[in-house]
Amino acid sequence: MQLLAIIGATLLVAGLLSWRGFSSAPLWKATVTPLASIIGSGFLVLGPILAQAYGAWTPLAMALLCALAYAIGAAIRFNISVRAGTGHDALSARIESLASWALSFAYVISVAYYLNLLGAFAVSLTPWDSQLAGRWVTTVVFLLILIVGWTKGFSALERLEQVSVSLKLAIIAGLLMGLGWYFGGRASEGSLIVSPAKLTGGAAVSLLFGLLVTVQGFETSRYLGAEYDAALRIRAMRLAQGLSTAIYMIYVVLMAYVFVPEQIETSETAIIDMMAVVAPVLPIMLVMAALAAQFSAAVADTSGAGGLVAELTRGRVPVKTGYAALVALGLCLTWFLDVFQIISWASKAFAGYYTLQGAIAVVLARRERRPAGQVVFFALVTALAAAVTLFGVAVE
């Protein structure tokens, strides 16, 4: 029965996302890009990391992480609305240019993050499950992306992104169904587990800061202006953050109380072994989702980074050269850092971008003579993003 429920939930969501009346709705089309980014690779690593570090307090940690992301999203949504109206002044335009450079750098690290997870998951169910084998897979995929970008461009791979989004969300639905079934069984037996937190105080806060990238992605709505108007992008970002928060909260509540600490490992593929306890079919489904999602996300960010650099340098650095630089830096990160260090650095890079977006919101709010409370809120968001940049740490 559990297997049928998992497969049923997966097929139901896949069918809904494939239904033309739903998938072609403008609001959903504008929501898919940020939603897919937010609950992409982070979903694969976040549950085990939080459960091991925070134990029974995992749902609170997840709620705080989502609240921080939503507050940052509020600043970016404000910037979208003002830019659509009166536009930027000279100061905010200069900060925006600096923010774009920060985002292009963040893309470089995020591509390394995506592809290192892809490599780890690609070998996870094979006899060659090792960090070295995973790094070689990552290296090959980096080179494949470079070759495609240099020779054909990424337009041929755009359809993969759309398919991977539906596949990933459908498999997440199956995962939540399996976890819910398992949770219900443990609860009916009175055998739910309440584990103490291993991290407290400053260490707990620093780790949470280092995980910001796992709920990052909502900012992509900021760059869909060529396809959707400001009001629709703002609605789509709110919807994406609301749905992702609901999914993450259900996920961590179901996971936090059914595993003893000895079952939770600190590895990028820990979720596979944990889900094998829940249902044998889930590890295979997760690997499928990981491979499709990580590759498509890496392609999207590589394309975005190359385009940003070309735009910021007014064409002096061609798009293809940007691709080559990204791949070179990504390979350095792959071979000299582990996945958790890359996650931490990616969080810092995106937090730097969010700090600048928060500063833009402060400048624009003051220029527009908004209430003092709103200006103070954006200043606090800026300070929090700066703290993440400075104090976020990697999983030990």
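Residues numbered from 1 in each chain as written. Predicted model: local features only at pLDDT ≥ 70, side-chain atom pairs only at ≥ 80, totals over all residues. Heavy atoms only, no water.

Peer 1: Help me out: how do you make sense of the overall build of the protein in this one?
Peer 2: Summing up its helical and strand segments, the protein has 15 helices and 0 strands in all. The C-alpha atoms of the protein give 21 Å as radius of gyration, which agrees with the globular expectation for 396 residues (21 Å, within 12%). Along the three orthogonal principal directions, the C-alpha set of the protein runs to about 65 × 50 × 45 Å. Counting only residues that meet the buried cut, the protein has 56% of its 396 residues in that class. Restricting the contact set of the protein to residue pairs at least 6 apart, pairs at least 24 apart contribute 85%. As displayed, the protein has an accessible area near 16700 Å², and 68% of this comes from carbon and sulfur atoms. When the 23 positive and 18 negative side-chain charges of the protein are each reduced to one mean point, those points stand 12 Å apart. (Helix = DSSP H or I, 4+ residues; strand = E, 2+ residues; numbered from the N terminus. Rg over C-alpha atoms; globule rule 2.2 N^0.38 Å. Buried < 20%, exposed > 50% of the residue type's maximum accessible area, 1.4 Å probe, protein only. Contact = heavy atoms within 4.5 Å. Areas by Shrake-Rupley, 256 points an atom, 1.4 Å probe, with all protein chains shown as cover. Lys, Arg positive; Asp, Glu negative; His and termini not counted. Charge placed at Lys NZ, Arg CZ, Asp CG, Glu CD.)

Peer 1: When you look at helix α6 (residues 90-123) in this model, what are you seeing that I'm missing?
Peer 2: Since there are 3.6 residues in each turn of an α-helix, residues three or four apart along the chain are aligned in direction. In this model α6 runs 50 Å from its N-terminal to its C-terminal C-alpha over 34 residues, within 8% of the 50 Å that 1.5 Å per residue would give. Along α6, 25 of the 34 residues are buried, which leaves the element largely enclosed by surrounding structure. (Expected span 1.5 Å × (residues − 1).)

Peer 1: Can you walk me through the environment of P283 in this structure?
Peer 2: Tracing the backbone shows P283 in helix α12 (residues 281-312). Along the backbone, P283 and I271 are 12 residues apart, and their C-alpha atoms lie at a distance of 8.1 Å. Contact partners of P283, with chain neighbours within four places excluded, come to L125, I272, M275 and A276.

Peer 1: Please clarify how the nonpolar core should be interpreted in this entry.
Peer 2: Taken as a class, soluble globular proteins show a tendency for nonpolar side chains to be buried jointly. Residues L50, M62, Y248, Y251, M275 and Y354 are the most contacted members of the largest nonpolar core, which totals 128 residues. Per-element accounting of this core gives the leading share, 17 residues, to helix α14 (residues 339-367). A30, L224, Y228 and A236 belong to the second-largest nonpolar core, a separate cluster that totals 5 residues. (Core = buried A, V, L, I, M, F, W, Y, C linked by side-chain atoms within 4.5 Å.)

Peer 1: Help me understand the packing of aromatic side chains in this model?
Peer 2: Centre-to-centre distance and the angle between the planes together describe a pair of aromatic rings. Inspection of the entire model under this criterion finds 8 aromatic pairs. Taking 6.4 Å as the distance between ring centres and 35° as the angle between the ring planes, the aromatic pair formed by F350 and Y354 counts as tilted. Placement of both F350 and Y354 in helix α14 is noted, with a separation of 4 residues, approximately one turn of the helix. Clustering of aromatic rings is evident, with ring pairs tying together F218, F350, Y353 and Y354. Directly above the aromatic system of Y70 lies the positively charged group of R77, at a separation of 4.5 Å from the ring centroid. (Phe/Tyr/Trp six-rings, centres within 6.5 Å; stacked < 30°, edge-to-face > 60°. Lys NZ or Arg CZ within 6 Å of the ring centre and 35° of its normal.)

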